[in-house]
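The primary structure of each chain is shown beneath.
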Amino acid sequence: MEERAHGTVTSIAPPLLTRKEKAAWRDLREWLALIKSHGLLKSIQAPVNPDEELSAITFLATQADQNAPALMFENLIGDSHGCKIVTNMLGSSKERYALAVGLDPNMSIREMISASRYLMKDRVAPILIAKSAAPVNEVILQGNDIDITAFPAPKFWPGDGGPYIGSADITFTRAPNSPRINVGVYRQMVHGPSRLGMYCSPGRGGRLDREAWWKQGKPCEVVAAYGVDPVLFMAGALAINMDQSELDVAGGIMGCPIELTEAEHVSLPIPALAEIVIEGLLHPGDVEMEGPLGEFTGYYGNERSPQPVIEIKAIHHRRAPILTAALMARYPSSEISTGFAIMKSARILDDLQRIGVPGVVAAYTTPAAICGMGIIVVSLKQLYAGHTAQVLALTAQCPAAAYYTKWVIAVDDDVDPTDFNQVLWALTTRCHPIEDFEFMKNTWSSALDPAQYPPELRSYGSKVLIDACKPHRHIQHFPQATMLRRKTYDHVVNRWQDLGFSELPPEPVAFHPE
């Protein structure tokens, strides 16, 4: 018998969906088969070295083509487990994101943001299944049989501190006396057969849980999965409210519960459908030198420093496991990219609606700005004096946007935030820099921010709020923008194929006022 596990504006861009079907796939293998059927997965049969060569191939392929497919490396030099490695799982592909969450790949990014808000509203708690029914238990290694070095962990960049088996991973932790399972994406470096270094940024759930256990003088239990489906990966990378579990969010997106099973040595459950899972302990004071790692900023993250070590108690894996590996690099080569930006944008709009901000129309965290973390553009219909300043301030500090974001830009509702060409037009024709820039100091930032020195200051950041809207006090006299008439647009679209064009033209967000 299945048992439930605990994981516990009027309309800002109203959702396009009215359905809640179960996902078309169950695990990573089924999702890879799905994207392969759409021509979005490339198999590489030639021998490839996980030490820098694999990441170099991924980087060059994605730099050459923003729409590069996911890459499946099937012949890894030095591998003894019959492993495969998938890189660019999601990357900058809105189509692979859509297939992951059950949307139409032909939707525009703006439509996907709206639809994602609907998908992310539901919460579905995970379920526990029998150990014997869990594919991840096909092989269980304990005691002297534990050797994480036998798996082909990639070394991504020349300056990396070592091979990182944890990059496109998820990690479970839980605070003392709490039933909530925190799911995060934390980098994990191989130190030895039973030892992994784990870095968590300040303020992240895994670090807070670890410190709470250590404050009691007790080790912190950890479960980490290396070979996970894209929805769990994206949910783990998002900043979810601390009173909710990312497992419930992922289940809601999938339309079915995430399947877990009992571990061998820790009280935390393990993902039943993952490819490779370790369970272990973070002991107080047990540290080794970790890093650096080429990070999402496009720079090496942090100097080499002592970081906590996971003592591995068991390894579970499927036969011929598939490892998911996340190259972190400049856009469009970073694994955390378009899909993450779409989800984050949807959560920002939800936050603003909950706060009660009127007039907000759309928002977008452009992925080229370090994976959607650097810049937020929000559009609004100005309703009163000071409205734009209010939207800027609340957007900058809403839960989904507070971490790291440096630039928050407000534009009018005739500008599409997902089209940065339009945003640049607004910045250069509606923004008067000496009057329209405001700054926030001592905001929540990342220890990985390379712009701040000395490094000890990096957990504190700053933000610039840019008003690129028509000045409200002069809005009645502001020059009218050139726009198409709606009826002219409709007429031309109806003739589009007769005129010799193939794909339909984009629909403007605003038309000439009649």
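Reading the values: rules and limits
Residues numbered from 1 in each chain as written. Predicted model: local features only at pLDDT ≥ 70, side-chain atom pairs only at ≥ 80, totals over all residues. Heavy atoms only, no water. Buried < 20%, exposed > 50% of the residue type's maximum accessible area, 1.4 Å probe, protein only. Helix = DSSP H or I, 4+ residues; strand = E, 2+ residues; numbered from the N terminus. Contact = heavy atoms within 4.5 Å. Polar contact = N/O pair within 3.5 Å; in protein donor to acceptor, adjacent residues only side chain to side chain. Core = buried A, V, L, I, M, F, W, Y, C linked by side-chain atoms within 4.5 Å. 1 Å grid on protein atoms, 1.4 Å probe; cavity = no way out; pocket = protein on both sides within 12 Å on 5 of 7 lines; lining within 4 Å. Points joined across faces, edges and corners; volume = space filled by probe spheres on them. Nonpolar A, V, L, I, M, F, W, Y, C, P; charged D, E, K, R; others polar. Pairing = 2+ DSSP bridges. Axes fitted to C-alpha atoms, helices over the stretch in contact; angles between N-to-C directions. Salt bridge = Lys/Arg side-chain N within 4 Å of Asp/Glu carboxyl O.

Here we look at helix α6 (residues 230-237)
The buried count for α6 comes to 8 of 8 residues, which makes it a mostly enclosed element. Three or more residues of α6 are buried, namely Pro-230, Val-231, Leu-232, Phe-233, Met-234, Ala-235, Gly-236 and Ala-237. Tucked inside the fold, the buried residues of α6 contact α1 (28-37), α3 (94-101), β8 (169-173), β9 (182-184), α7 (246-254) and α8 (338-355). The N-terminus of α6 is capped by Asp-229, whose side-chain oxygen sits 2.9 Å from the backbone nitrogen of Val-231.

Concerning the nonpolar core
Trp-31, Leu-32, Val-101, Leu-103 and Phe-172 are the most contacted members of the largest nonpolar core, which totals 100 residues. In terms of residue count, α8 provides more of this core than any other element does, 8 residues in total. Counting 38 residues, the second-largest nonpolar core is a separate cluster that includes Leu-71, Met-189, Cys-220 and Val-222.

Overview of empty space enclosed by the protein
Looking at the largest cavity, its volume works out to about 90 Å³. As for the largest cavity, its lining consists of Arg-204, Ala-237, Leu-238, Ala-239, Phe-340, Lys-344, Arg-347, Met-373, Pro-399, Ala-400 and Tyr-403. At 3 residues, the largest contribution of residues to the lining of the largest cavity is made by α8. For the lining of the largest cavity, the per-class residue count stands at 8 nonpolar, no polar and 3 charged. For the second largest cavity, the full set of lining residues is Leu-90, Gly-91, Phe-233, Met-234, Ala-237, Glu-335, Ile-336, Ser-337, Thr-338, Gly-339 and Phe-340. Class assignment for the residues of the lining of the second largest cavity results in 6 nonpolar, 4 polar and 1 charged.

Thoughts on the sheet that holds strand β2 (residues 41-44)
Spatial strand order, β2-β3-β4-β19: 4 strands in an open sheet with mixed pairing. This sheet does not close on itself; its edge strands, each paired only once, are β2 and β19 (322-324). Each strand of the sheet is rotated relative to its neighbour by a mean of 25°, with strand direction disregarded. Strand direction decides the pairing type here: strand β3 (residues 70-73) and strand β4 (residues 84-87), joined by 3 bridges, are antiparallel. Paired with Phe-73 across the strands is Ile-85, a residue of β4. The strands touched by α1 are β2, β3, β4 and β19; relative to β19, the strand with the most contacts, the crossing angle is about 80°. Here helix α2 (residues 53-64) sits on the sheet in contact with β2, β3 and β4, set at roughly 155° to β3.

Things to note about the layout of surface pockets
By volume, the largest pocket is sized at about 1500 Å³. If you trace the largest pocket, you find 45 residues lining it, with Ser-108, Asp-416, Thr-418, Pro-506 and Glu-507 closest to the centre. Counting only elements with at least two residues in the lining of the largest pocket, the list comes to α3, α4 (109-119), β20 (360-364), α10 (420-430) and α12 (486-495). It is α4 that contributes the most residues to the lining of the largest pocket, 4 residues altogether. Considered class by class, the residues forming the lining of the largest pocket number 24 nonpolar, 11 polar and 10 charged. In this model, the second largest pocket occupies a volume close to 610 Å³. Contributing to the lining of the second largest pocket are 35 residues, with Val-185, Tyr-186, Arg-204, Gly-236 and Ala-237 lying nearest its centre. By residue number, the principal contributor to the lining of the second largest pocket is β9, which donates 3 residues. Its residues assigned to classes, the lining of the second largest pocket shows 20 nonpolar, 8 polar and 7 charged.

Looking at the pattern of salt bridges
Within this structure, the stated rule accounts for 25 salt bridges. Taking the shortest distance from any N to any O, the salt bridge between Glu-288 and Arg-195 comes out at 2.8 Å. Of this pair, Glu-288 sits in strand β15 (residues 276-290) while Arg-195 sits in strand β11 (residues 195-198), and the two are 93 residues apart along the sequence. Judged by relative accessible area, which is 24%, Arg-195 ranks as partly exposed. With its nearest N and O atoms 3.1 Å apart, the salt bridge here joins Arg-430 to Asp-412. One end of the pair, Arg-430, is in helix α10; the other, Asp-412, is in strand β22 (residues 407-412), and 18 residues separate them in sequence. Residue class for Asp-412 comes out buried when judged on its relative accessible area of 5%.

Some remarks on the sheet that holds strand β23 (residues 437-444)
Spatially, the 5 strands line up as an open sheet ordered β20-β21-β22-β24-β23, and their pairing is mixed. Edge positions in the open sheet fall to β20 and β23, since each of these has one partner strand only. The sheet shows a mean angle of 20° between the axes of neighbouring strands, direction not considered. Across 4 bridges, the pairing between β22 and strand β24 (residues 460-467) is parallel. Its bridge partner lying in β24, Ala-410 is registered against Asp-467. Its contacts with the sheet put α8 on β20 and β21 (375-380), and the angle it makes with β20 is roughly 150°.

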